Amino acid sequence: MRLEDNITEVKGIGEKTAATFSKVGVNCIADLIRYYPRSYKIYEQPVSVNSISEGDRAAVFCKIVSGVAVSRGRRFTIVTLSAADDTGSIKMLWFNMPFLRNVLHKGESYVFVGSIKIVGSSRVMEMPEYYTQFNYQKMLSTMQPVYPLISGLTNNMVTKALKEVSWLIDSLPDWLNDDIRREYNVIGLGEALKRVHFPKNREELGEAIERLAFDEFLHFIIDVSKIKENNIKLINGHKVSEEALSRMAGFEAGLGFKLTEGQKAAVDDIAADMSSDHVMNRLIQGDVGSGKTVVAAEALYLAAVSGYQGAMMVPTEVLAEQHFNELTKLFKPYKLKVGLLTGSLAAKDRRLIYERLKNGEIDIVVGTHALITEKVEYKNLGLVITDEQHRFGVKQREKLGLKGDMPHVLIMSATPIPRTLAIILYADMDISVIKELPAGRKRIKNCVVGTDYRPSAYKFIRNEVANGHQAYVICPMVEESESVDAENVVNYADELAAALGSSVRVKYLHGRMKEQEKLEVMNSFLNHETDVLVSTTVIEVGINNPNATVMMIENAERFGLAQLHQLRGRVGRGDAQSYCIFINVKKSDESVKRLKVLEDSNDGFYIAAEDLKLRGPGEFFGIRQSGDIAFRVADIYSHADILRRAQEAAIKYGGLLGNEQ
């Protein structure tokens, strides 16, 4: 068995299972070894029922004191029972597990492990694991990896497959020699990969994550430095025309509003770059809602009027459709043709777009990853824009750029990154920063509250809806599998709909839904056919609804500050007053201190700096951001110290390591 062998070579994996693994990017044995856990379950000594609080993940040793009840909900089979110890009682609840009535019986005692929710005056443990006291003793103090899952793929399947190939991990070549590892105090690659899948304790896991994060940062920085070296040599073949520059004032006058000082400065930077002798490679770093899209539109206008095509790549289909509609309307008076290219387009429509791009009949195209597929050819691509760049890796950005003959590159990001880290991460780019919000935008009003505020929050949402506005509710991702996360969202949506009343239209959104379903739900919300959207963090980027005025985030303490700020940015996009309610379930001093930063400030760059301070160096088990620069293990906030060490190593050894990745 070799690293490059198909995963079907692993004992127990047939064609059907291999097809499921392929959906998560695992096709060969090397892919399997690099399929990292998303979290870990740690099994601690059981505690008494009366000592646990909402939001805790705890183990309790209890006797079942009721029969096992099975009932049908609107969408699920619900299994419940009551259990108790000497200090109090607790309700156990499972979704779609009716077989439990034949497994669990009144009078039996088990160790139940799960997350606690308070419903009224009762404690509820949702989807708990259950063990006999003897079996739980064997689990104590162990760390069990939890892998990203999809329908048909279980945690047990991944763990079993990894155990079958664990002996191969040692044969993975280590691109860092002994001297470099000693200098930067990181363990060997094989040892890190073993520990990340089979950790014995927190210390071992911390060392594994440190090595894997160091590698990711180092690879990234070396890739970026190569792009920078190439860019220095690039002479621009797509200079914008004097005519295009002279028509900019008229274009801005037709916008119907005045640009902010930050937007003006960014546009000036872009115009100077695109009319210079060199290729533009610029990042527009702007806070959420700062108006980066208008700046991008001006760049696209410059390119199109100069006779070049422009392409804008965004992370979601719904965002692509929104940008397409906005740009079509904006460019219609100038007779510029705008196209849309996404994965869900019908084959016939896709072929037509391919043909029109190749013939130059489309001036500007907006799309998702579909823009960089092999079949796409451009007649004269002169400008490439990627929106929310942290969703795309360096290689993807490069791939879009290669579709043209040295096109200008403009990248936009709303991810607030402290300047000290941005200098490292964007070393290949010139940076323009937009800090102010457009005129007419009101500051979002924030409040951090406990779970007892939920009824008041529901009433507030009902009033906003009655006044013609809409709301988001971000549902916590508290379970260990996507299927349970989906059930959690759907169940919460049902509870919320009941609490808000029949006059309020509630829909839900989660990652397991098909792309077309997601589009339909988001478009329903955009078209005001839905009043309240209950969602996981899939709406973090990709939806712009100026009519939404309330964002309520459950279990806010589970998220990084920068991600919470991104989520909050979904409201406050119109001229009405907007609000964000952070539900702090745990109420620890640490979570109160962190969330106070968001309550007091709407400045993403300040929040990012504070997030960095509050994390502290080497916090391997801290709350992770979502999708930072496409890293799988590394987190720029928790691992800022590792990022700096990786930069030092890249400067010192980058030339030696560049060909060994």
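Bear in mind the structure is a predicted one, so any value in this text is a computation, not a measurement.

It is worth spelling out the overall build of the protein at this point. Secondary structure assignment for the protein yields 22 helices and 21 strands. Here the protein has a C-alpha radius of gyration of 26 Å; the compact-globule value for 661 residues is 26 Å, and the two agree. The dimensions of the protein, computed from C-alpha atoms along their principal axes, are 85 × 65 × 50 Å. Relative to its 661 residues, the protein shows a buried fraction of 54%.

Attention shifts here to unusual backbone geometry. Positive phi is not limited to glycine here, since N185 has a value of about 55 degrees. With respect to the element layout, N185 can be found in the loop between α5 (178-183) and α6 (189-197). Positive phi values are uncommon outside glycine, yet K335 reaches one of about 55 degrees. As for its position among the elements, K335 is in the loop between α12 (317-331) and β11 (338-341). The class for K335 is exposed, based on a relative accessible area of 67%.

To continue, consider the pattern of salt bridges. This model, assessed by the stated rule, comprises 26 salt bridges. A salt bridge links R356 to E361; its shortest N-O distance comes to 3.9 Å. You can call E361 partly exposed: its relative accessible area is 41%. Across the pair E554 and R454 runs a salt bridge, and its minimum N-O distance is 2.7 Å. With E554 in the loop between β20 (548-553) and α19 (561-568) and R454 in helix α16 (residues 454-466), this residue pair connects regions lying 100 residues apart in the sequence. Among the charged side chains, a salt-bridge network with shared partners connects D174, D178, R181, R211 and D215.

Spatial ordering of the open sheet is given by β16-β21-β20-β17-β19-β18, a layout of six strands whose pairing is parallel. In this open sheet, the two edge strands, each paired with only one partner strand, are β16 (445-449) and β18 (506-509). Shown here is a sheet whose adjacent strand axes are inclined to one another by a mean of 15 degrees, direction ignored. Of the pairings in the sheet, the one linking strand β17 (residues 470-474) to strand β19 (residues 532-535) comprises four bridges and is parallel in character. By the bridge assignment, V473 is partnered in β19 with V534. In the packing of helix α18 (residues 515-526) onto the sheet, the strands contacted are β17, β18, β19 and β20, and the crossing angle to β18 comes to about 140 degrees. The sheet contacts of α19 involve β16, β17, β20 and β21 (579-583), and relative to β20 the element is tilted by about 150 degrees.

Moving on to the packing of aromatic side chains. Describing an aromatic ring pair means giving the distance of the ring centres and the angle of the ring planes. With the rule as written, the count across this model stands at 17 aromatic pairs. Relative to Y136, the ring of Y131 lies with its centre 5.7 Å away and its plane at 50 degrees, an arrangement referred to as tilted. Taken as a pair, Y131 and Y136 share a single burial class, namely buried. Taken together, the aromatic side chains of W94, Y110, F112 and Y130 make up a single cluster linked through ring pairs. We note R57 situated over the ring of Y43; from NZ or CZ to the ring centre the distance is 5.4 Å.

Rules used throughout
- Residues numbered from 1 in each chain as written.
- Predicted model: local features only at pLDDT ≥ 70, side-chain atom pairs only at ≥ 80, totals over all residues.
- Heavy atoms only, no water.
- Helix = DSSP H or I, 4+ residues; strand = E, 2+ residues; numbered from the N terminus.
- Rg over C-alpha atoms; globule rule 2.2 N^0.38 Å.
- Buried < 20%, exposed > 50% of the residue type's maximum accessible area, 1.4 Å probe, protein only.
- Salt bridge = Lys/Arg side-chain N within 4 Å of Asp/Glu carboxyl O.
- Pairing = 2+ DSSP bridges.
- Axes fitted to C-alpha atoms, helices over the stretch in contact; angles between N-to-C directions.
- Contact = heavy atoms within 4.5 Å.
- Phe/Tyr/Trp six-rings, centres within 6.5 Å; stacked < 30°, edge-to-face > 60°.
- Lys NZ or Arg CZ within 6 Å of the ring centre and 35° of its normal.

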